[in-house]
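Structural overview for review
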Amino acid sequence: MVKQSEFLAEFLDSDTINALSKFLDSKEEYESSADMIALAFGAKKEFTKISDEEVSKLETSFKNNLTLLIQKTWVEKSDIALKDKLLYQLNLFLEKDGWKDNYSLFLQLINDAVFLMFGQKPDTPDFADYSLRIDPEFGIFWWYISNLPSKPSWSESKCRAAMLVGMFFLANY
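What counts as what
Residues numbered from 1 in each chain as written. Predicted model: local features only at pLDDT ≥ 70, side-chain atom pairs only at ≥ 80, totals over all residues. Heavy atoms only, no water. Helix = DSSP H or I, 4+ residues; strand = E, 2+ residues; numbered from the N terminus. Rg over C-alpha atoms; globule rule 2.2 N^0.38 Å. Buried < 20%, exposed > 50% of the residue type's maximum accessible area, 1.4 Å probe, protein only. 1 Å grid on protein atoms, 1.4 Å probe; cavity = no way out; pocket = protein on both sides within 12 Å on 5 of 7 lines; lining within 4 Å. Points joined across faces, edges and corners; volume = space filled by probe spheres on them. Nonpolar A, V, L, I, M, F, W, Y, C, P; charged D, E, K, R; others polar. Expected span 1.5 Å × (residues − 1). Arc of directions from axis to C-beta.

Here we take up the overall build of the protein chain. When you go through the protein chain residue by residue, the secondary structure sums to nine helices and zero strands. Ordered by position in the sequence, the α and β elements of the protein chain form the string α-α-α-α-α-α-α-α-α. A compact globule built from 173 residues would reach a C-alpha radius of gyration of about 16 Å, and the protein chain, at 16 Å, matches this within 12%. Principal axes of the C-alpha set define a box for the protein chain whose edges measure 45 × 40 × 25 Å. Relative to its 173 residues, the protein chain shows a buried fraction of 48%.

A full pass over the atoms with the stated rule returns one cavity of 30 Å³ or more. What the largest cavity holds in volume is close to 30 Å³. Around the largest cavity, the lining residues are Leu66, Leu69, Ile110, Ala113, Val114, Met117, Phe141 and Leu170. Of all the elements in the fold, those that place two or more residues in the lining of the largest cavity are helix H4 (52–72) and helix H6 (99–118). Among the elements that line the lining of the largest cavity, the one with the most residues is H6, at four residues. Here the lining of the largest cavity is built from residues that sort into eight nonpolar, no polar and no charged.

Let us look at the layout of surface pockets. Empty space within the largest pocket amounts to approximately 180 Å³. Of all the secondary structure elements, the ones that give two or more residues to the lining of the largest pocket are H6 and helix H8 (136–147). Its residues assigned to classes, the lining of the largest pocket comprises four nonpolar, four polar and one charged.

Helix length check: helix H2 (residues 14–25) (12 residues) gives 17 Å between terminal C-alpha atoms against 16 Å at 1.5 Å per residue, within 8%. When we look at burial in H2, the residues that qualify are Thr16, Ile17, Ala19, Leu20 and Phe23. An end-on view of H2 places all buried positions within 145 degrees of arc, on one side of the element. In H2, those exposed residues whose orientation departs by more than 90 degrees from the buried face are Asp15, Lys22 and Asp25.

Laid out in structure tokens, this is it:
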């Protein structure tokens, strides 16, 4: 992880790198940290305060772009079923209400999509470094996603903030 942090420092300032730890550790004052990470992905300031209408547009963009990424990714015959399952789960994800209830499915969708896109299991230790080298923008996104807990004990609003930051990146990737 130290090596990754050094490599990240080539692309992000130390305040943004530290924002992830602050986000993960804070129970109440996490919005500014999430905003700082989102800013690194190209979002506007105070990203976590976007309106319901903007969230709806973001969800649509996220779905459209992730669907396109999944559909356009060439896969081995053995992975076609995973590709179909992922498209089905993406539709399920967007039909459900509740950020906290959808959090685990969100991370699963991203992990499966990354596996299809890169042909490599994203939970392997070398994947983080690999993704930073091959596509630094995506590597920074993966650094963010891979540090999120798989089952957080967070509030609905903190799950919302975590997911919106990830959705923003993928909606614009």
